[in-house]
Amino acid sequence: EIVMTQSPATLSVSPGERVTLSCRTSQSVGNNFAWYQQKPGQAPRLLIYGASTRATGIPARFSGSGSGTEFTLSISSLQSEDLAVYFCQQYGYWPPWTFGQGTKVEIK
Amino acid sequence: EVQLLESGGGLVQPGGSLRLSCAVSGVTFSSYAMTWVRQAPGKGLEWVSSISGSGVSTYYSDSVKGRFTMSRDNSKNTLYLQMSSLRADDTAVYSCAKALGALSQMGLDSWGQGTLVTVSS
């Protein structure tokens, strides 16, 4: 089973700042990797798949990078509506398909 | 627009059973693998089970294997999760989600709002 290590657990950021979230997998998953955003009381929303492809309707300020075992989600300029928990997920080595523990992004 | 609507959650006693349904619209249902994900209160996302578009292949997490059965009726555009021998640690919001494509393309691009399952005496 692939173990996911997501960091940091919590991030407090001012609007307009750049945000970088990280996720590491215990084995290579190629670029079979996704990022999700979950706002309070809402279902998760796919942001990035294939490690770097933005999903439909996702603003350009969100970008994903990485391959193998190290992945990054960046938000170029944080907006207040980006307050959420962000989860990573691998789908390159399955089953199981595994999620990271989540990073909570707070607005300073 | 793709829509997923879960139903069937509720309060059940330990050892009991429950069947969840997920009605899907706005997409050629049989073309996509589907997944159930659960989220315990205040916790993260946990993969529960996945099924191929045809329904021939199913996979389960170790925590539910032997107790849960996932199936689909492509003629009704509906996904199911039959849960038995329920335990307190099965308490969670259960959401169905659609894959980008086949089981190997398990980015989940559409989600339902979820249905709450509470296991308690």
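Refer to the preceding data block for the structure.
Scope of this entry: the structure provided in the associated data block. Owing to the predicted nature of the structure, the values given are computational and were not obtained by experimental measurement. (Residues numbered from 1 in each chain as written. Chains lettered and ligands numbered in written order. Predicted model: local features only at pLDDT ≥ 70, side-chain atom pairs only at ≥ 80, totals over all residues. Heavy atoms only, no water.)

### Observations regarding the overall build of chain B
Item 1. Scanning chain B from N- to C-terminus turns up 0 helices and 11 strands.
Item 2. Traced from its N-terminal end to its C-terminal end, chain B shows the element sequence β-β-β-β-β-β-β-β-β-β-β.
Item 3. The C-alpha atoms of chain B give 13 Å as radius of gyration, which agrees with the globular expectation for 121 residues (14 Å, within 12%).
Item 4. Each of the three principal axes of chain B carries a C-alpha extent, and together these read 40 × 25 × 25 Å.
Item 5. Among the 121 residues that make up chain B, the fraction classed as buried is 49%.
Item 6. Here the contacts in chain B between residues at least 6 apart in sequence split such that 54% fall between residues at least 24 apart. (Helix = DSSP H or I, 4+ residues; strand = E, 2+ residues; numbered from the N terminus. Rg over C-alpha atoms; globule rule 2.2 N^0.38 Å. Buried < 20%, exposed > 50% of the residue type's maximum accessible area, 1.4 Å probe, protein only. Contact = heavy atoms within 4.5 Å.)

### As for the interface of chain B and chain A
Item 1. Each side of the interface is counted separately: chain B has 19 residues, and chain A has 17 residues.
Item 2. Here chain B meets chain A over a buried area of about 1500 Å², counting both sides, of which 71% is carbon and sulfur.
Item 3. The three residues of chain B that bury the most area against chain A are Leu45(B), Trp47(B) and Trp111(B), which together make up 34% of that side's buried surface.
Item 4. Linking chain B with chain A are 4 residue pairs in polar contact (both at pLDDT 80 or more).
Item 5. Taken together, the elements giving at least two residues each to the side of chain B that touches chain A come down to strand E4 (34–39), strand E5 (46–51) and strand E10 (108–111) of chain B. (Buried area = accessible area lost by both parts, 1.4 Å probe. Polar contact = N/O pair within 3.5 Å; in protein donor to acceptor, adjacent residues only side chain to side chain.)

### Side note on the side chain of Ser49(B)
All names here are of chain B.
Item 1. Mapping Ser 49 onto the fold places it in strand E5.
Item 2. A distance of 2.9 Å separates the side chain of Ser 49 from the backbone oxygen of Tyr 59, its partner in a polar contact.
Item 3. Residues in contact with Ser 49, not counting those within four places in the same chain, are Met 34, Thr 35, Trp 36, Tyr 59, Tyr 60, Met 70 and Leu 81.

### Quick word on the sheet that holds strand E8 (residues 70–75) of chain A
Residues and elements named next belong to chain A.
Item 1. Ordered by their spatial adjacency, 4 strands build an open sheet running E1-E3-E8-E7, and the pairing between neighbours is antiparallel. Bordering the open sheet on either side are strand E1 (4–7) and strand E7 (62–67), each of which pairs with just one other strand. Going across the sheet, the axis of each strand differs from the next one's by a mean of 15°, ignoring polarity.
Item 2. Here 6 bridges tie strand E3 (residues 19–25) to E8, and the two strands are oriented antiparallel to one another. By the bridge assignment for E8, Thr 20 is matched with Ser 74. (Pairing = 2+ DSSP bridges. Axes fitted to C-alpha atoms, helices over the stretch in contact; angles between N-to-C directions.)

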